[in-house]
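The lines below spell out each chain.
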Amino acid sequence: SAVISQKPSRDICQRGTSLTIQCQVDSQVTMMFWYRQQPGQSLTLIATANQGSEATYESGFVIDKFPISRPNLTFSTLTVSNMSPEDSSIYLCSVAHTVNTEAFFGQGTRLTVV
Amino acid sequence: KQEVTQIPAALSVPEGENLVLNCSFTDSAIYNLQWFRQDPGKGLTSLLLIQSSQREQTSGRLNASLDKSSGRSTLYIAASQPGDSATYLCAVKSGATNKLIFGTGTLLAVQP
C-alpha cells in the first residue's frame, strides 16, 4: 500500500493567481499521476509526473497551465496557473508501484476560484 | 478509445439489502479493473483490484467480478449499512497505456 499526503486540502483563490499542490508519498513509487474532478463529474487524468524529466500531459492539458515537478520518487507538485473560475475542481494525486498494481489516491485538494 | 460506463447513476436501498453495482467498458484489452469509494468532497479509497486474468475478488462484504470478454464488472455489496453510502467508481487500466480510465460513478444511499 501507499500513504499519500496532499496539501493543501482546500483553498479559495483569486482569479489570475496560481496555486501549487503538493503530494508526498510514504514510500518510493514508480508512477505518480495528477487528476482533476470537476463538480459532479468523474476523474480526468491531467498528466503523468515523470521523475527527473518533463511530465506527460493528456489531450487538453498543457504545461503552461499545469506545470508539474517530480524531483524524486516520493514527491510531486502540480501548479494551477493563472486561475479562472473554470479551474474550480478537486485535484487528486495518485500513485502506483507498477503498471499492474493497485492505484492509491490522496485525499484531494478542493480548489475554489473566485 | 476506452469508455467506461456505470449503471445505475444513483441507487437508494434500505439497510440490510444486498445490492449490485455495474460497470461496463468498451475495450477488453485491459490490465486490470479497480473499484473505488469516494465520500463527498474527499479522495478515493481503493476497494478491490481485479487483474485481467482473474474472475473475481472478495474483501469482507464486497465481491467484485470481471468478465473481460463482455466488457463488464459488477460490485456486490452484502448486507448494506448506512456507512456504505458514498459514490462508487470503477476504473480500468488500459492495455495500451498505463492510464486509469474512470467510469461515471454510482451514488449509493443506504437508508437506516
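Check the entry above for the structure.
Remember, it's a predicted structure, so these values are computed and weren't measured experimentally. (Residues numbered from 1 in each chain as written. Chains lettered and ligands numbered in written order. Predicted model: local features only at pLDDT ≥ 70, side-chain atom pairs only at ≥ 80, totals over all residues. Heavy atoms only, no water.)

**Some words on unusual backbone geometry**
Residue and element names in this part refer to chain A. Here is the rule: Secondary structure elements follow DSSP: runs of H or I of four or more residues count as helices, runs of E of two or more count as strands, with numbering from the N terminus. The buried label goes to any residue with under 20% of its type's maximum accessible area, the exposed label to any with over 50%, and the partly exposed label to all in between, with areas taken from a 1.4 Å probe on protein chains only.
Each neighbour pair has its own omega, and for Lys 7 with Pro 8 the value is -5 degrees, a cis peptide bond. Note on placement: Pro 8 falls in the loop between strand S1 (4–7) and strand S2 (10–13). Although it is not a glycine, Asn 82 sits at a positive phi angle of roughly 45 degrees. Turning to its location among the elements, Asn 82 is positioned in the loop between strand S8 (75–80) and strand S9 (89–96). On the accessibility criterion, Asn 82 (55% relative accessible area) is exposed.

**Here's the deal with the pairing of S8 of chain A**
Residue and element names in this part refer to chain A. Inclusion rule: Two strands are counted as paired when DSSP detects at least two bridges linking them.
Taken across its six residues, S8 has six buried, putting it largely inside the fold. Judged from the six bridges that link them, strand S3 (residues 19–25) and S8 form a sheet pairing that is antiparallel. Bridge pairing in S8 links Gln 22 to Thr 77. Following strand S7 (residues 68–72), the chain reverses through two residues before pairing antiparallel with S8.

**Looking at the state of the cysteines**
As a reminder, the rule being used: By definition, disulfides here are pairs of cysteine sulfur atoms that lie within 2.5 Å.
Applying the stated criterion across every chain, the model contains two disulfides over all chains. One disulfide in the model links Cys 23 of chain A with Cys 93 of chain A; its S-S distance is 1.9 Å. Between Cys 23 of chain A and Cys 93 of chain A, the S-S torsion sits near -60 degrees, and that sign places the bridge as left-handed. A residue pair is termed long-range when its members are at least 10 positions apart, and Cys 23 of chain A in strand S3 and Cys 93 of chain A in strand S9 qualify at 70 residues. Residue Cys 23 of chain A is classed as buried on the basis of its relative accessible area of 0%. When its relative accessible area of 0% is taken as the criterion, Cys 93 of chain A is described as buried. Two residues, Cys 23 of chain B and Cys 90 of chain B, share a disulfide whose sulfurs are 2.0 Å apart. The S-S bond linking Cys 23 of chain B to Cys 90 of chain B shows a torsion near 75 degrees; that makes this disulfide right-handed. Of this pair, Cys 23 of chain B sits in strand S3 (residues 19–25) while Cys 90 of chain B sits in strand S9 (residues 86–94); the two residues are 67 residues apart in sequence, bridging distant segments of the chain. Unpaired in this structure, Cys 13 of chain A has its nearest cysteine sulfur neighbour in Cys 23 of chain A, at a distance of 18 Å.

**Here's the deal with the packing of aromatic side chains**
Short version of the rule: Note on aromatic contacts: the rings of Phe and Tyr and the six-membered ring of Trp form a pair at centre separations within 6.5 Å, being stacked when their planes are under 30 degrees apart, edge-to-face when over 60 apart, and tilted otherwise.
This model, assessed by the stated rule, comprises seven aromatic pairs over all chains. With centroids separated by 6.5 Å and ring planes inclined at 45 degrees, the aromatic side chains of Phe 66 of chain A and Tyr 91 of chain A adopt a geometry described as tilted. Here Phe 66 of chain A, found in the loop between strand S6 (56–57) and S7, pairs with Tyr 91 of chain A, found in strand S9; they are 25 residues apart in sequence, far enough to count as distant. Considered together, Phe 66 of chain A and Tyr 91 of chain A belong to a single accessibility category, that of buried residues. An aromatic cluster is present here, built from Tyr 35 and Phe 105 of chain A together with Phe 36 and Phe 102 of chain B joined pairwise through their rings.

**Structural notes on the side chain of Gln 38 of chain B**
Definition in use: For the purposes of these results, a polar contact is taken to be a pair of N or O atoms within 3.5 Å, where, inside protein, one atom must be able to donate a hydrogen and its partner to accept one; residues adjacent in sequence count only when each atom of the pair is a side-chain atom.
By secondary structure assignment, the location of Gln 38 of chain B is in strand S4 (residues 30–38). Residue classification places Gln 38 of chain B among the buried positions, given a relative accessible area of 7%. Here Gln 37 of chain A takes part through its side chain, which lies 2.7 Å from a polar atom of the side chain of Gln 38 of chain B.

**Section: the sheet that holds strand S8 (residues 72–77) of chain B**
Residues and elements named next belong to chain B. We count it as follows: Note on definitions: angles span 0 to 180 degrees between N-to-C directions of axes, and those axes are lines fitted to C-alpha atoms, for helices only across the stretch in contact.
An order of S1-S3-S8-S7-S6 is seen for the five strands of this open sheet, with the pairing classed as antiparallel. At either margin of the open sheet sits one strand with a lone partner, and together these are strand S1 (4–7) and strand S6 (56–59). Neighbouring strand axes in the sheet, compared pairwise and without regard to direction, differ in orientation by 15 degrees on average. In this sheet, S8 lies alongside strand S7 (residues 62–67) in antiparallel orientation, the contact comprising six bridges. The partner of Ser 65 across the bridge, within S8, is Thr 74.

**Observations concerning the sheet that holds S1 of chain A**
Residue and element names in this part refer to chain A. Here four strands make up an open sheet; going across it, the order is S1-S3-S8-S7 and the pairing antiparallel. Looking at strand neighbours, the two that pair on one side only are S1 and S7, the edges of this open sheet. Between one strand axis and the next, the sheet turns by 15 degrees as a mean value, whatever way the strands run.

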